[in-house]
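Summary of the model geometry
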Amino acid sequence: MARTLILLIPLLVLGNVVVDGAFAPDLIVAMAKILLDNYCSPEKLAGMQEAIDSASSNTEILSIPDPETLALVLTGGVQSTINDPRLTVSYNPNYVPAAPPVLPLMPPDQLVAVLQRSIKLEVLEGNVGYLRIDHIIGEELAGKIGTLLLELVWNKILPTSALIFDLRYTGSGELSGIPYIVSYFTDADPPIHIDSVYDRPSNTTTELWSMPTLLGQRYGTKKPLLILTSANTRGIAEDVAYCLKNLKRATIVGERTAGGSVKIDKIKIGETDFYVTVPSAKSINPVTKRSWEVTGVTPDVEVDADDALAAAVKIIALRAQIPAILQGTGALVADNYAFENVGADVAEKLAALGSDYTLISSKEELETKLSADLLRLSGDKCLKTTHNVPALPLMNPTPEMLIELIKVSFHTDLFENNVGYLRFDMFGDFEEVQAIAQIIVEHVWNKVVNTDALIVDLRNNVGGATTAITGLCSYFFDADKQILLDKLYDRPSGSIKELWTLPELTGVRYGTKKSLIILTSGATAGAAEEFVYIMKKHGRAMIIGETTSGACHPSGTFRVGESDEFLSIPTVHSDTAQGPAWEGVGVTPHIPVPAAAALDTAKDIFNKHFAGAKK
Ligand SMILES: *[C@@H]1O[C@H](CO)[C@@H](O)[C@H](O)[C@H]1NC(C)=O
């Protein structure tokens, strides 16, 4: 408020302006008075009255010889004082106010021709309606030509299955037209509070409500409605777009709108040829409690106005696929998801969610929402949409390439007390690993197999194929006794696979006698968790670090019907006879420490152990 006052003073100093001696020094005072009585946001004028009073006693004279320049100076002053770019002062010696549009008293066939010129209507491919209206007519005119509009326009739009409503060129309209338009896209019941309009000159607020009865049928609430906008969409058209957007009935596609006003008046300043253009009413949206005025309506999908129609057509095509995608997703989950009961439940609940997807505007939005719903319904972060089309297998790698690969994939070290260290960050596929088992044994395993204790570092291991797990586990058990490591249930085939230690291995076993510590972190995932889970369950290793990720066995990638959506679905789960395994919950360590401290903790434990053993 104080700031408003300070800004007004330099402006009002201009009150004592001499322009060719032709203007009364109270020009500014008169203008300020007009604003006080007409400007739609009177709260922004706080302090104006005091400023007028103080300016009246100001004697400083400013000389601006030319009235056009003065109008510009005044405009700048008003705009910076009130911070509203819609306020302007102009000098128009020959201004004749535009007469309110008279109803066309023309014969019907002529009226038809006029309407057909001012309204563009098409039915596009796929039964998509397209309607362009460049002026929003008011209640009175609608009353006169309603039947004609119904016959020529609306009855052709009604049978379409989606509508593109083009307001890119709509720069004028009547306030009373808003409830008509909005009502055709909402239900008759319950009545909806569309907008509230505060009119400053009358100091009254009018509520606009949806209409219980309309000429002709409603388009209703079910079919997609896309509104195209541009930076030239102004005034009443902005209100229509903003209301339908916030009622969640329409998706706005195009550019941010002009930020005009529901009502603009051009008022003569006293007996001068200066006019002040002032927004005299404002809209307060009941949903947002705000207005689109000045800032404009932000589109849901922002594209250049020229590209808006194509973007809208694309959105409608996407939405048409959604019911089949939800249905197809449900079926894939029910038939393939590792946890059968959960899968059936997800499918059923997903089918009921269709109405949540009516405002989806892009493939990314669809995928994000679908993944979020799958997570919410299943509690499993591995069940989701994916872009991961299965990778191609490595083509005939040479032995040199394999050695290089192994050198970067595995890290080994030797610590004091002959404690070995082995780190690897991925699990390879069994077929591949078998082919290179000899290389791994030579270049990696032989460096740590003769140690007295071993630290296996899986803190950065994000998983991979589970086919190598039995082989890897077997190195830490003895050859003479086969052990059942885990049972895996495979949902698509309904079969159970038992994982047994292997009787024969490449290279030497570590065996069951020497101590083993496995390091974990919250990132340890998938196949790495299965390995940790097995080693912990069989009491073969001490686990130090953080609870693991709680991911899943490797997921399958499934295409949803004929669409270009893909799902990642875990199809296998570990034996749950003894309660939940690690999927979704992770493996808890024996000794919980932050991942960064896990290696030192492990070394300490071994050092103390070996120090004690030497005594
Ligand atoms: C407008 O009306 C309200 C009551 O409805 C009144 O409190 C307020 O003073 C009025 N404002 C002006 C500027 O007349």
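Residues numbered from 1 in each chain as written. Predicted model: local features only at pLDDT ≥ 70, side-chain atom pairs only at ≥ 80, totals over all residues. Heavy atoms only, no water.

1. Focus: the overall build of the protein
Summing up its helical and strand segments, the protein has 16 helices and 27 strands in all. Counting across all 615 residues of the protein, residues that qualify as buried make up 48%. Within the protein, contacts between residues at least 6 apart in sequence are counted, and of these 76% link residues at least 24 apart. Approximately 29600 Å² of the protein is accessible, and the part contributed by carbon and sulfur atoms is 57%. (Helix = DSSP H or I, 4+ residues; strand = E, 2+ residues; numbered from the N terminus. Buried < 20%, exposed > 50% of the residue type's maximum accessible area, 1.4 Å probe, protein only. Contact = heavy atoms within 4.5 Å. Areas by Shrake-Rupley, 256 points an atom, 1.4 Å probe, with all protein chains shown as cover.)

2. Here we look at the sheet that holds strand S4 (residues 119-124)
Reading across from one edge, S4-S5-S7-S11-S12-S15 is the order of the 6 strands in this open sheet, with mixed pairing throughout. Every other strand in the sheet has two partners, leaving S4 and strand S15 (301-302) as the edge strands with one partner each. In the packing of helix H8 (residues 236-246) onto the sheet, contacts are made with strand S7 (162-166), strand S11 (225-229) and strand S12 (251-254), and the angle to S11 comes to roughly 145°. Contacts from helix H9 (residues 308-336) reach S4, strand S5 (128-133), S7, S11, S12 and S15 within the one sheet, and its direction differs from that of S11 by about 165°. (Pairing = 2+ DSSP bridges. Axes fitted to C-alpha atoms, helices over the stretch in contact; angles between N-to-C directions.)

3. A word on the sheet that holds strand S25 (residues 566-570)
Read from one edge of the open sheet, 3 strands run S16-S25-S24, paired in antiparallel fashion. The open sheet terminates on both sides in strands that have one partner only, identified here as strand S16 (384-386) and strand S24 (555-559). Shown here is a sheet whose adjacent strand axes are inclined to one another by a mean of 40°, direction ignored. Pairing geometry for S16 and S25, over 3 bridges, is antiparallel.

4. Examining the nonpolar core
One finds Phe 165, Phe 185 and Ile 227 to be the most contacted residues of the largest nonpolar core, which totals 44 residues. Of all the secondary structure elements, the ones that give two or more residues to this core are helix H5 (108-118), S5, helix H6 (139-157), S7, helix H7 (178-184), strand S9 (193-199), S11 and H8. In this view, Ile 227 contacts Phe 165, Leu 167, Ala 241, Leu 244, Ala 250, Thr 251, Ile 252 and Val 253; residues no more than four positions away in its chain are not counted. (Core = buried A, V, L, I, M, F, W, Y, C linked by side-chain atoms within 4.5 Å.)

5. Re the state of the cysteines
For the structure shown, the criterion picks out 1 disulfide. Paired by a disulfide, Cys 382 and Cys 552 hold their sulfur atoms 2.2 Å apart. Given an S-S torsion of about -105°, the disulfide between Cys 382 and Cys 552 has left-handed geometry. In this pair, Cys 382 sits in the loop between helix H11 (363-378) and S16 while Cys 552 sits in the loop between strand S23 (542-545) and S24, placing the two residues 170 residues apart along the sequence. Relative accessible area serves as the criterion here: at 11%, Cys 552 is assigned to the buried category. (Disulfide = S-S within 2.5 Å.)

6. A short note on helix H10 (residues 340-351)
Under the 1.5 Å per step criterion, the end-to-end length of H10 is 17 Å for 12 residues, consistent within 8% with the ideal 16 Å. Elements in contact with the buried residues of H10: H9 and H11. (Expected span 1.5 Å × (residues − 1).)

7. Digging into the side chain of Asn 336
Within the secondary structure layout, Asn 336 lies in helix H9. Beyond its immediate stretch of four places on either side in the chain, Asn 336 contacts Arg 491, Pro 492, Phe 558, Ile 569, Pro 570 and Thr 571.

8. Describing the side chain of Ser 210
Summarising the element assignment, Ser 210 is placed in the loop between strand S10 (204-209) and S11. Here Ile 192 takes part through its backbone nitrogen, which lies 2.8 Å from a polar atom of the side chain of Ser 210. Setting aside residues no more than four positions away along its own chain, Ser 210 makes contact with Ser 183, Thr 186, Pro 190, Pro 191, Ile 192 and Ile 194. (Polar contact = N/O pair within 3.5 Å; in protein donor to acceptor, adjacent residues only side chain to side chain.)

9. Focus on the pairing of strand S20 (residues 484-490)
Across 6 bridges, S20 lies against strand S21 (residues 495-500) in antiparallel orientation. In the strand pairing of S21, Tyr 489 is matched with Ile 496. Between S20 and S21, which pair antiparallel one after the other, the connecting turn spans 4 residues, and Gly 494 there sits at a positive phi close to 70°. Alignment of S20 against strand S26 (residues 572-574), held across 3 bridges, turns out to be antiparallel. Paired with Leu 488 across the two strands is Ser 574, which belongs to S26.

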